[in-house]
Amino acid sequence: MFFRRPSRRMPASDPAQDPLSSSERITSTAQIARFLQRLKDGHCLLSVTIPGVEGSFNSAVLRVYPQQELLILDELNPRAGHLALLERRQLKVRCRLHGAEYRFATLLQRVEEQRGIALYYAALPEALLQIQRRDHYRVPVDESVGIELDLPALEADGNAPQASLLDLSATGIGMQLNTPTPPDRGAILPDCTLRLPAGTIVRSEIEVRFVHARDRLGPVRVGGRFLKLDRKTRDQLTTLIRELERRHLRNQAR
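Residues numbered from 1 in each chain as written. Predicted model: local features only at pLDDT ≥ 70, side-chain atom pairs only at ≥ 80, totals over all residues. Heavy atoms only, no water.

Caption draft 1: Here's a closer look at the environment of G223. Along the chain, G223 turns up in strand 16 (residues 220-227). What makes G223 buried here is its relative accessible area of 1%. (Helix = DSSP H or I, 4+ residues; strand = E, 2+ residues; numbered from the N terminus. Buried < 20%, exposed > 50% of the residue type's maximum accessible area, 1.4 Å probe, protein only.)

Caption draft 2: Spotlight on the pairing of strand 4 (residues 61-65). Alignment of strand 4 against strand 5 (residues 70-74), held across four bridges, turns out to be antiparallel. Paired with Y65 across the bridge in strand 5 is L70. Between strand 4 and strand 5, which pair antiparallel one after the other, the connecting turn spans four residues, and E69 there sits at a positive phi close to 55°. (Pairing = 2+ DSSP bridges.)

Caption draft 3: Seen up close, the pairing of strand 12 (residues 162-168). Alignment of strand 10 (residues 139-140) against strand 12, held across two bridges, turns out to be antiparallel. Residue pairing for strand 12: P140 is matched across the bridge by D167. The sheet contact formed by strand 12 and strand 13 (residues 172-178) spans six bridges and is antiparallel. For D167, the partnering residue across the bridge sits in strand 13 and is G174. Hairpin connection, strand 12 to strand 13: the antiparallel pair is bridged by three residues.

Caption draft 4: How the structure looks around the packing of aromatic side chains. Tallying each qualifying case throughout the model produces one aromatic pair. For the ring pair F35 and Y102, a centre distance of 4.5 Å and an interplane angle of 45° mean the geometry is tilted. You can see F35 sitting in helix 1 (residues 29-41) and its partner Y102 sitting in strand 7 (residues 100-114), a full 67 residues away along the chain. Accessibility expressed as a relative area gives 2% for F35, which makes it buried. Judged by relative accessible area, which is 11%, Y102 ranks as buried. Residue placement shows R110 over the ring face of Y121; its charged tip is 4.0 Å from the ring centre. (Phe/Tyr/Trp six-rings, centres within 6.5 Å; stacked < 30°, edge-to-face > 60°. Lys NZ or Arg CZ within 6 Å of the ring centre and 35° of its normal.)

Caption draft 5: A look at the nonpolar core. Counting residues in hydrophobic clusters, the biggest one holds 31 residues, and the most contacted among them are F35, L36, L39 and L46. Elements with a minimum of two residues in this core: helix 1, strand 2 (46-49), strand 4, strand 5, helix 2 (79-88), strand 6 (90-97), strand 7 and strand 8 (117-123). Broken down by element, this core gets its largest block of residues, five residues, from helix 1. With residues near it in sequence (within four places) discarded, F35 still touches C95, L97, Y102, F104 and L128. Formed by 29 residues, the second largest nonpolar core is a distinct cluster that contains V141, L240, I241 and L244. (Core = buried A, V, L, I, M, F, W, Y, C linked by side-chain atoms within 4.5 Å. Contact = heavy atoms within 4.5 Å.)

Caption draft 6: Here's a closer look at a nonpolar patch on the surface. On the surface, L83, L86 and V111 cluster together to form a nonpolar patch covering roughly 230 Å² of accessible area. Looking at the secondary structure, you find V111 in strand 7. (Patch = residues over 30% accessible without salt bridge, like charges linked within 9 Å, V, L, I, M, F, W, Y side chains within 5 Å. Areas by Shrake-Rupley, 256 points an atom, 1.4 Å probe, with all protein chains shown as cover. Salt bridge = Lys/Arg side-chain N within 4 Å of Asp/Glu carboxyl O.)

As structure tokens, then:
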């Protein structure tokens, strides 16, 4: 597939005027492209704001084309973000990866549609800002780890939704749900249970912090924060997360 090189890229913030200028600023196109590819591979959720528009919207990186200086972003959710982006043509992104927060800005080049979902072709960012380290690192989790997740608050007619854990930290989780009625942002899910590999059981309320649906019939990505965890349980989670992180780094090195 051929892509025309975009005519311009979003100008970077002036470090002298930017309150984040003490943070690391990455301008290498190759480094930025590799970072965006890691966002795609990790299915990382993006928090998107549009200049002049109130609120934030969810998206994700779908494709990266370094030679054409293009990336493709998923349709903004809620829908109001899509309409605002078509008018404003600019977006600012915040995300987290490997314990750090990142920010970048870009310009919308064009919009295409695939199976009723909008795809945004945007310019590769001119600069990437690393803001700060996460207090509690969130590590990717797959089925091989052996963590079971139980969410009785989302049961409907006695049937629990299919839920899989995507990532875990000492303060929260990311998960994927197959349900036609996902929880709303801000909802509190009581009596949630995590069964860890060593037999430890973690019970907690979870506050829903974000919800992102690829389409109306597909799986839903949900991020949540643990509420009222005791110190012992948090320490157990931290120990597990460190082990998972070592395993993750070993797998990446192969």
